[in-house]
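The residues making up each chain are set out below.
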Amino acid sequence: MASKQVLAVAAAAVALAVLLPARAAATEHMVGDSNGWALEFDYATWAAARQFMVGDTLVFKYKSPDHTVVEVGGADFAACNKTANAKEWSSGEDRVALDKEGRRWFFCGVGNHCLRNMKLKIAVLAAGAPAPEAPPPPPPSSPAGKVQARVAHAVAAAVTAAAAAMLAL
Ligand SMILES: *[C@@H]1O[C@H](CO)[C@@H](O)[C@H](O)[C@H]1NC(C)=O
Ligand SMILES: [Cu+2]
């Protein structure tokens, strides 16, 4: 009896997961668009026209080894300071995952390119609004009710996990 219920709700959960609309694909931001990562381009204006979300990717495209991509903190960004431990990419098509909320600072590590404004500062926003709190289940009044409550709780957790997994795609 309880196992039939479990099967039924599991089937419902699967159906719900299938029916959930897939999140729009994470955005790949081609830095500088057709200009790529280059001198004589205003990356501040480019960034201001866009929204960067957790899960998106920055793609820096340039002719290696003419440029590189260095990531530093805000103070070093302001000073064009390529610190010894700064992360640096140099493939010519560098993909940077925006995997967390907050500010990120990049500049070109070649010559004086940073001083010539080859630098990009962005703010990465959370992927979605915080999930609403589920209302607490009514207190179980009988042993059967307790089982039901536990099943409902497990299903809710499974649905939440499935939804989270789908959002992470
Ligand atoms: C640049 O970074 C170094 C650490 O690598 C630090 O000692 C120095 O003060 C920084 N310079 C500026 C101008 O921020
Ligand atoms: Cu450069």
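See the structure printed just above.
Here is what the cut-offs are and how they apply
Residues numbered from 1 in each chain as written. Chains lettered and ligands numbered in written order. Predicted model: local features only at pLDDT ≥ 70, side-chain atom pairs only at ≥ 80, totals over all residues. Heavy atoms only, no water. Pairing = 2+ DSSP bridges. Helix = DSSP H or I, 4+ residues; strand = E, 2+ residues; numbered from the N terminus. Buried < 20%, exposed > 50% of the residue type's maximum accessible area, 1.4 Å probe, protein only. Disulfide = S-S within 2.5 Å.

Trainee: Sorry if this is basic, but what is going on with the sheet that holds strand 4 (residues 69–72) here?
Mentor: Either a parallel or an antiparallel arrangement is found when strands of a sheet pair, and the pairing is made through backbone hydrogen bonds. With respect to topology, five strands assemble into an open sheet ordered 2-8-7-4-5, the strand pairing being mixed. The two strands at the open ends of the sheet, each matched to only one other strand, are strand 2 (52–53) and strand 5 (87–89). Pairing analysis gives two bridges linking strand 2 to strand 8 (residues 119–125), with the strands arranged parallel. Each residue of the ladder has a partner; that of M53, found in strand 8, is L125.

Trainee: Honestly, the pairing of strand 6 (residues 93–97) in this entry has me stumped. Any pointers?
Mentor: Consecutive side chains of a regular strand alternate in pointing toward one face of the sheet and then the other. Every second residue of strand 6 is oriented toward a common face, the buried set being D94 and V96 and the non-buried set E93, R95 and A97. By the bridge criterion, five bridges tie strand 3 (residues 57–61) to strand 6 in an arrangement that is antiparallel. Among the inter-strand pairings, F60 is bridged to a residue of strand 6, identified as D94.

Trainee: Explanation requested: the state of the cysteines in the structure shown.
Mentor: Between two cysteines, a covalent bond joining their sulfur atoms is known as a disulfide. Applying the stated criterion across every chain, the model contains one disulfide. Disulfide pairing places C80 opposite C114 at an S-S distance of 2.0 Å. The disulfide joining C80 to C114 has a torsion of about -80° about its S-S bond and is therefore left-handed. Here C80, found in the loop between helix 3 (74–78) and strand 5, pairs with C114, found in the loop between strand 7 (102–107) and strand 8; they are 34 residues apart in sequence, far enough to count as distant. Judged by relative accessible area, C80 falls into the buried class, the value being 19%. Since its relative accessible area comes to 5%, C114 is described here as buried.

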